[in-house]
Amino acid sequence: MADRQRIVVAMSGGVDSSVAAALLVEAGHDVTGMMLRLWSPPETVTENRCCTPNDVALARRVAGQLGIPFYVLDARDIFYREVVQAFIEGYRSGQTPNPCVGCNHLIRWGFLLEQARQTGAAFLATGHYARVRRVDRGQVTLLRGKDLGKDQSYILSVLTQTQMAQTWLPLGDYKKSDVRALAKRFGLSVAEKAESQDLCFLGNQDYRDFLVRYSPDLAKPGLIVNQSGEVLGEHRGLAFYTIGQRKGLGVAASEPLYVIEKAVTDNMLIVGSAQSLGRTVMEIAGFNWISGSPPAGFFRAEVKIRYKASPAWATVTLMDSEKSRVQFDYPQRDITPGQRAVFYQDELVLGGGTIDRVFL
């Protein structure tokens, strides 16, 4: 058994974080549960999906079952500043942001990790399905979770060496079915709790309604054109559409049309056939390399362009310290600026960055 450590577990009231806490308690560690109270729109009756009153009650109950201290920390202000405002600004710039990436980087492994350190904890543990490994000379690597269907290394690719050195991921070697079985063995009340898949701060709102309320200027109509520049109709605002979208365009054509590009400067929505969605080259910016430094020159890797996307082989060329060019072996559908691209070599996560531009 590893030496006894003081560990803070980020608890959510769900089965994964609850089992993570239970495994650490069983291993003899000094465990404290902490839960973040995150921002939600004050005009709605729905709480943030990550911290509803019921979730708080469930997490508190699990902590009681495990005999560990439990605290709820108010992170509403920093969550709004760092995550919600970035979400709005991403759409304003014509991108489709992933707020979960920013939340993990700046809130869980920023605000919460700092709070954990102030209590004297050596590690922050979560219920993510990924693996952290300590190698030579204190280097830390990030690996895919054993359960590839639940692997969350994509989300954690934003972590630095310093953050990962203080990270414990107890579920990385388990499958989801094993985790539910463990929850039953531990007698946890959340063993059968369903998972939430929606953006936490939207509640029951559609993201378009949210954007209109908090940034009305995004509802700026413009032209829908095809790749030849022919005007086909009018859009309601570029932020209301995503790359690859087919339904809700409101234009008539002899074949199904999809959103293939958002031209922010001209406020135009460009549409085309399904074949037009396939792109082979993209430019990546805003990197984080897990090792702390980029690979040399160019390299081969499997690349994920969205959390749920299948990895695709590509050649990655480092253009400079700020940008890389990714050339896929085969065209990829729905490459979307604003989403994160993450590079893998076998189980190893090299790092990733934000999709900035897409080329044919």
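This section reports on the structure supplied with the text. (Residues numbered from 1 in each chain as written. Predicted model: local features only at pLDDT ≥ 70, side-chain atom pairs only at ≥ 80, totals over all residues. Heavy atoms only, no water.)

## Focus: helix α3 (residues 76–92)
The criterion, for reference: The helix count covers DSSP runs of H or I at least four residues long, the strand count covers runs of E at least two residues long, and both are numbered beginning at the N terminus. The span one expects for a helix is its residue count, reduced by one, times 1.5 Å. To obtain the bend at a residue, axes are fitted to the seven residues ending there and to the seven starting there, and the angle between these axes is taken. Partly exposed residues are those whose accessible area sits between 20% and 50% of the maximum for their type, while under 20% is buried and over 50% is exposed, using a 1.4 Å probe and protein chains only. A contact between two residues is defined here by any heavy atoms of the two lying within 4.5 Å.
In this model, α3 (17 residues) spans 23 Å end to end at C-alpha, consistent with the 24 Å of a helix rising 1.5 Å per residue. The principal kink in α3, of about 30 degrees, is found at Ala-86. Within the sequence span of α3, burial applies to Ile-78, Phe-79, Val-83, Val-84, Phe-87, Ile-88, Gly-90 and Tyr-91. Those residues of α3 that are buried lie in contact with α4 (99–118) and α8 (207–214). Downstream of α3 by a residue or two, Gly-94 has a phi angle that is positive, lying close to 90 degrees.

## As for the packing of α3 against α4
Operational definition: Between N-to-C directions, angles span 0 to 180 degrees; the directions come from axes that are lines fitted to C-alpha atoms, helices contributing only their stretch in contact. These descriptions rest on fixed angle ranges, namely under 35 degrees for roughly parallel, over 145 for roughly antiparallel, 65 to 115 for roughly perpendicular, and the rest for oblique. Crossing chirality is assigned from the near helix's rotation relative to the far helix, an anticlockwise turn below a right angle marking it left-handed and a clockwise turn marking it right-handed. Charged means Asp, Glu, Lys or Arg here, nonpolar means Ala, Val, Leu, Ile, Met, Phe, Trp, Tyr, Cys or Pro, and polar covers whatever is left, Gly included.
Relative orientation of the contacting elements α3 and α4 amounts to 160 degrees, with a least axis distance of 9 Å. Between α3 and α4, the crossing angle belongs to the class labelled roughly antiparallel. Along this stretch, α3 crosses α4, giving a crossing that reads as right-handed. Where α3 abuts α4, its residues Ile-78, Phe-79, Glu-82, Val-83 and Phe-87 lie against Pro-99, Gly-102, Cys-103, Leu-106, Ile-107 and Phe-111. Its residues assigned to classes, the contact of α3 with α4 shows nine nonpolar, one polar and one charged.

## Topic: the pairing of strand β11 (residues 268–272)
Counted only if it meets this: By the convention used here, strands pair only if DSSP detects at least 2 bridges between them.
Taken across its five residues, β11 has four buried, putting it largely inside the fold. The pairing of strand β8 (residues 222–226) with β11 spans four bridges and is classified as parallel. Each residue of the ladder has a partner; that of Val-225, found in β11, is Ile-270. In this sheet, β11 lies alongside strand β10 (residues 258–263) in antiparallel orientation, the contact comprising five bridges. Opposite Tyr-258, over in β11, you have Gly-272 as the bridge partner. In this antiparallel pair of consecutive strands, β10 and β11, the connection spans four residues, and Asn-267 shows a positive phi of 55 degrees.

## Section: the pattern of salt bridges
As a reminder, the rule being used: Each reported salt bridge corresponds to a side-chain nitrogen of Lys or Arg within 4 Å of a carboxyl oxygen of Asp or Glu.
Using the criterion set out here, one finds 17 salt bridges in the structure. The residue Lys-176 makes a salt bridge to Asp-16 at a minimum N-O spacing of 2.9 Å. A residue pair is termed long-range when its members are at least 10 positions apart, and Lys-176 in helix α7 (residues 176–185) and Asp-16 in helix α1 (residues 15–26) qualify at 160 residues. The burial state of Lys-176 is the same as that of Asp-16; both residues are buried. The salt bridge partner of Glu-283 is Arg-357, with a shortest N-O separation of 4.0 Å. Linking Glu-283 in strand β12 (residues 279–289) with Arg-357 in strand β17 (residues 348–359), this pair joins segments that are 74 residues apart in sequence. Glu-283 sits in the buried class, given a relative accessible area of 4%. The exposure class of Arg-357 is partly exposed, given its relative accessible area of 43%. Overlapping salt bridges, with partners in common, bring together Glu-283, Lys-323, Asp-356 and Arg-357 in one network.

## Considerations on the sheet that holds strand β9 (residues 231–235)
Strand order in the open sheet made by the four strands is β9-β8-β11-β10, with mixed pairing throughout. Only two strands of the sheet have a single neighbouring strand rather than two, namely β9 and β10. Strand-to-strand twist of the sheet, defined as the mean angle between neighbouring strand axes without regard to direction, takes the value 30 degrees.

## As for helix α2 (residues 53–66)
Note the cut-off: The arc in question is the one traced by the directions running from the helix axis out to the C-beta atoms.
For α2, which comprises 14 residues, the first-to-last C-alpha distance of 20 Å matches the rise-based estimate of 20 Å (1.5 Å per residue) to within 8%. Among all positions of α2, only Asp-55, Val-56, Leu-58, Ala-59, Val-62, Ala-63 and Leu-66 are buried. The arc enclosing the buried residues of α2, seen along the axis, measures out at 165 degrees, which places them on a common side. Exposed residues on α2 whose side chains face more than 90 degrees from its buried face are Pro-53 and Gly-64. Contacts made by the buried residues of α2 are with α1, β2 (30–37) and β3 (70–74). Gly-67 sits one or two residues past α2 and shows a positive phi near 70 degrees.

## So, the packing of aromatic side chains
Test applied: Classification of ring pairs uses Phe, Tyr and Trp, with its six-membered ring standing for Trp, and accepts pairs whose centres are within 6.5 Å; under 30 degrees between planes counts as stacked, over 60 as edge-to-face, and the remaining range as tilted.
The full count for this structure, using the stated rule, is 16 aromatic pairs. Centroid distance Trp-289 to Phe-343: 5.8 Å. Interplanar angle 25 degrees. Geometry classified as stacked. Placement of the pair is Trp-289 in strand β12 and Phe-343 in strand β16 (residues 340–345), with a sequence separation of 54 residues. Neither Trp-289 nor Phe-343 differs from the other in exposure class; each is buried.

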